[in-house]
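These are the residues of each chain, in order.
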Amino acid sequence: MKFKNDTELASGNRFLKPFIGFFEEISRLTVFTFRFFKTAVKPPYEYNELIKQCYSIGYKSFPLVAITGFIMGLVLTIQSRPTLAEFGAESWLPAMVSVSMIREIGPVITALIFAGKAGSGIGAELASMKVTEQIDAMEVSGMNPFKYIVVTRIMAATIMLPILVVGADSISLYGGYVGVNLKSDVSFHLFFSQVFDKLNFMDVFPAFIKTIFFGFAIGLIGCYKGYNSSKGTEGVGESANYSVVYASLSVFIIDMMAVQITSLFM
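Residues numbered from 1 in each chain as written. Predicted model: local features only at pLDDT ≥ 70, side-chain atom pairs only at ≥ 80, totals over all residues. Heavy atoms only, no water.

Engineer: Would you explain the layout of surface pockets in this entry?
Structural biologist: Empty space among the atoms becomes apparent when a probe as large as a water molecule is rolled across them. In this structure, the largest pocket occupies an estimated 920 Å³ of space. Lining of the largest pocket is provided by 29 residues; of these, Ala217, Ile221, Ser250, Ile253 and Ile254 occupy positions nearest its centre. Elements with a minimum of two residues in the lining of the largest pocket: helix 1 (6-40), helix 8 (201-227) and helix 9 (233-263). Examining the composition of the lining of the largest pocket, we find that 12 residues originate from one element, helix 8, more than from any other. (1 Å grid on protein atoms, 1.4 Å probe; cavity = no way out; pocket = protein on both sides within 12 Å on 5 of 7 lines; lining within 4 Å. Points joined across faces, edges and corners; volume = space filled by probe spheres on them. Helix = DSSP H or I, 4+ residues; strand = E, 2+ residues; numbered from the N terminus.)

Here it is as structure tokens:
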């Protein structure tokens, strides 16, 4: 391709630069992912650090996830009641809330909350360690910073997000029960018998499996952006910001793929 002048050449470079940068970023993330799997299977294993990160990433995120889950169940029930009542299908409210929360709303919203809290924290923490040369100090002292810092955080995110989603789903169902009883009187036993009567294996299992991929993607992106941070203290903020943005985007992409795959078996 021949350019007529320098202006046209510069314009072409400006047009291609975002695409080139995107594919370069994807390639670096792919190499980072393969490095994680290669390092994760090799002993020694940092069990103590893994437990510490599970507590920091998962347990400390539970209050926010629990509050969000309760509000989601309560609001969904209150908003859905008038529409179902118009069709005389108000008795389907517990089943509708349970299926929608467990299959889609609960996992996705919890993953987004997790990405905002844990993903940004991971990105900022690792970027700060990079800027202050703590990672370089670990390498000099003979430690493997990638195994100690990156592997443990990605595995902790992968383990803890499915557990948080189960907790959020359970609390959201209780929120739905509270919402139903705001304008009627439904017993606890009747509500949850209707909830579990309409749930089946294909509602629960795919939703649980995709949360594992959500957690892995959030941990991976947070660690990648933080571990490869630059630009000094400015890079800490950028790493935290991009960790949330890219992790949230990856949650939607994985969810879209999971829905398409699940639809093939239903």
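There's more to say after this.
Engineer: Would you explain the environment of glycine 58 in this entry?
Structural biologist: Structurally, glycine 58 is set in helix 2 (residues 47-58). For the pair glycine 58 and methionine 129, spaced 71 residues apart in sequence, the C-alpha separation works out to 21 Å. Residues in contact with glycine 58, not counting those within four places in the same chain, are Gln53, Met160 and Leu164. (Contact = heavy atoms within 4.5 Å.)

Engineer: What am I meant to see in the side chain of serine 98 here?
Structural biologist: In this structure, serine 98 sits in helix 4 (residues 93-131). With a relative accessible area of 0%, serine 98 lands in the buried category. If sequence neighbours within four positions are ignored, serine 98 has contacts with Leu173, Val195 and Leu199. (Buried < 20%, exposed > 50% of the residue type's maximum accessible area, 1.4 Å probe, protein only.)

Engineer: I would appreciate a short explanation of the nonpolar core in the present structure.
Structural biologist: One recurring pattern in soluble globular proteins is that nonpolar side chains are buried together. In terms of nonpolar packing, the biggest core is built from 40 residues, with Phe32, Phe114, Val150, Ile154 and Ile218 touching the most fellow members. Sorting the residues of this core by element identifies helix 1, helix 2, helix 4, helix 5 (134-140), helix 6 (145-180), helix 8 and helix 9 as the ones contributing at least two each. Looking at this core, the element that brings in the most residues is helix 6, giving 12 residues. Contacts of valine 150, omitting those with residues within four sequence positions, involve Phe32, Leu126, Pro145, Cys223 and Tyr227. In this structure, Leu84, Val97, Leu173 and Phe192 belong to the second largest nonpolar core, which totals 16 residues. (Core = buried A, V, L, I, M, F, W, Y, C linked by side-chain atoms within 4.5 Å.)

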